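Listed below, chain by chain, are the residues.
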Amino acid sequence: PIKLGVMASGNGSNFEVVAQAIANGQINAKIQVLIYNNPKAKAAVRAENHGVKSVLLNHRDFKTRADLDRQIVQTLRQHDVDFVIMAGWMRLVTQELIDAFPDRIINIHPSLLPSFKGVRAVEQALAAGVKITGCTVHLVCLAVDSGPILMQAAVPILPDDTVETLHARIQVQEHRILPLAIANIGNG
Ligand code: GAR
């Protein structure tokens, strides 16, 4: 089994589906540790429910992004992680993290990249008036939301959509393609 480290900042529904896919045998992996940066992240509660160790690294306790990332790398190494999943990780990453896990970090993003990089991607898509958006699983590199694309799913934008209704439908697709992408990695 591949040894995963998951990083999350908030609700953790993507963490949840990965943990479930492992429990039901869809992914041949083990989650060694969840790292979260926001003390209120519900992801930590989900980790506890799945018997997964979680470590809070509050970005407010670090002077620079590189300092935070050095601590993240140390924590991932301590837990013998060989692959990193960013499941709603809302901090910009630095070279420190990328160099420690080259081509071994994947991210889920709520748009069809390369459209709508960065924060509030769902809001950006609505504001742009596009008729189709979606989600993307990609390898992480230094330029934000720009690494090689592994998997995507399309989601139509409906006339009455709000950020909330659209994000909810995008998440249905995220919860399908993130476990699939990790399963593919597990199969080589
Ligand atoms: C997901 O929609 C993910 O694509 C997005 O945050 C949400 C986290 O949901 N990530 C980004 O916007 C990264 N820039 P979750 O906490 O329920 O998994």
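Remember, predicted model here, so these are calculated numbers, not experimental data.

Caption draft 1: Representation of the sheet that holds strand β6 (residues 132–139) in the model. Spatial ordering of the open sheet is given by β3-β2-β1-β4-β5-β6-β7, a layout of 7 strands whose pairing is mixed. The outermost strands of the open sheet, each flanked by one partner alone, are β3 (54–56) and β7 (149–156). Shown here is a sheet whose adjacent strand axes are inclined to one another by a mean of 20 degrees, direction ignored. Pairing of strand β5 (residues 105–109) with β6 involves 4 bridges; the strand directions are antiparallel. Residue pairing in the sheet places Ile-108 in a bridge with Val-137 of β6. Sheet strands in contact with helix α3 (residues 65–78) are β1 (2–8), β2 (29–36), β3 and β4 (83–86), and its direction is about 150 degrees off that of β2. Packing against the sheet, helix α6 (residues 163–186) makes contact with β1, β4, β5, β6 and β7, and its axis sits at approximately 155 degrees to β7.

Caption draft 2: Fine view of the nonpolar core. Counting 42 residues, the largest nonpolar core has Leu-4, Ile-31, Leu-34, Ile-85 and Ile-182 as its most contacted members. The element contributing the most residues to this core is α6, with 7 residues. In this structure Ile-85 touches Leu-4, Gly-5, Val-6, Met-7, Ile-106, Leu-178 and Ile-182, once residues within four positions along its chain are discounted. In terms of nonpolar packing, the next biggest core, distinct from the first, is built from 20 residues, Val-33, Val-73, Val-93 and Phe-101 among them.

Caption draft 3: Broad picture of the site of the ligand. Neighbouring residues of the ligand: Asn-11, Gly-12, Ser-13, Asn-14, Gly-88, Met-90, Ile-108, His-109, Pro-110, His-167, Gln-171 and Glu-174. Between the ligand and Asn-14 there is a distance of 2.9 Å, counted from an oxygen atom to a side-chain nitrogen or oxygen. Take Glu-174: an N or O atom from its side chain is 2.5 Å from an oxygen atom of the ligand. For the ligand, whose free accessible area comes to 450 Å², the fraction covered by protein is 90%. At a threshold of 2 Å from the grid points, most atoms of the ligand map onto the largest pocket. Broken down by secondary-structure element, the contributors of at least two residues to the shell around the ligand are α1 (13–23), β5 and α6. Here the shell around the ligand is composed, by residue class, of 3 nonpolar, 8 polar and 1 charged.

Caption draft 4: Up close: the UniProt feature "site: Raises pKa of active site His" (unreviewed entry) in the protein chain. In this structure's numbering, the residues bearing the UniProt feature "site: Raises pKa of active site His" (unreviewed entry) are Asp-145. Within the secondary structure layout, Asp-145 lies in the loop between β6 and β7. Asp-145 has contacts with Asn-107, His-109, Leu-113, Lys-117, Gly-118 and His-138, leaving out every residue within four places of it along the chain. Separated by 3.4 Å, the side chains of Asp-145 and His-109 make a polar contact.

Procedures and definitions
Residues numbered from 1 in each chain as written. Predicted model: local features only at pLDDT ≥ 70, side-chain atom pairs only at ≥ 80, totals over all residues. Heavy atoms only, no water. Pairing = 2+ DSSP bridges. Helix = DSSP H or I, 4+ residues; strand = E, 2+ residues; numbered from the N terminus. Axes fitted to C-alpha atoms, helices over the stretch in contact; angles between N-to-C directions. Contact = heavy atoms within 4.5 Å. Core = buried A, V, L, I, M, F, W, Y, C linked by side-chain atoms within 4.5 Å. Buried < 20%, exposed > 50% of the residue type's maximum accessible area, 1.4 Å probe, protein only. Near = heavy atom within 4 Å. Polar contact = N/O pair within 3.5 Å; in protein donor to acceptor, adjacent residues only side chain to side chain. Areas by Shrake-Rupley, 256 points an atom, 1.4 Å probe, with all protein chains shown as cover. 1 Å grid on protein atoms, 1.4 Å probe; cavity = no way out; pocket = protein on both sides within 12 Å on 5 of 7 lines; lining within 4 Å. Sits in = over half its atoms within 2 Å of the grid points. Nonpolar A, V, L, I, M, F, W, Y, C, P; charged D, E, K, R; others polar. UniProt positions renumbered as here; feature names shortened; annotations may be inferred.

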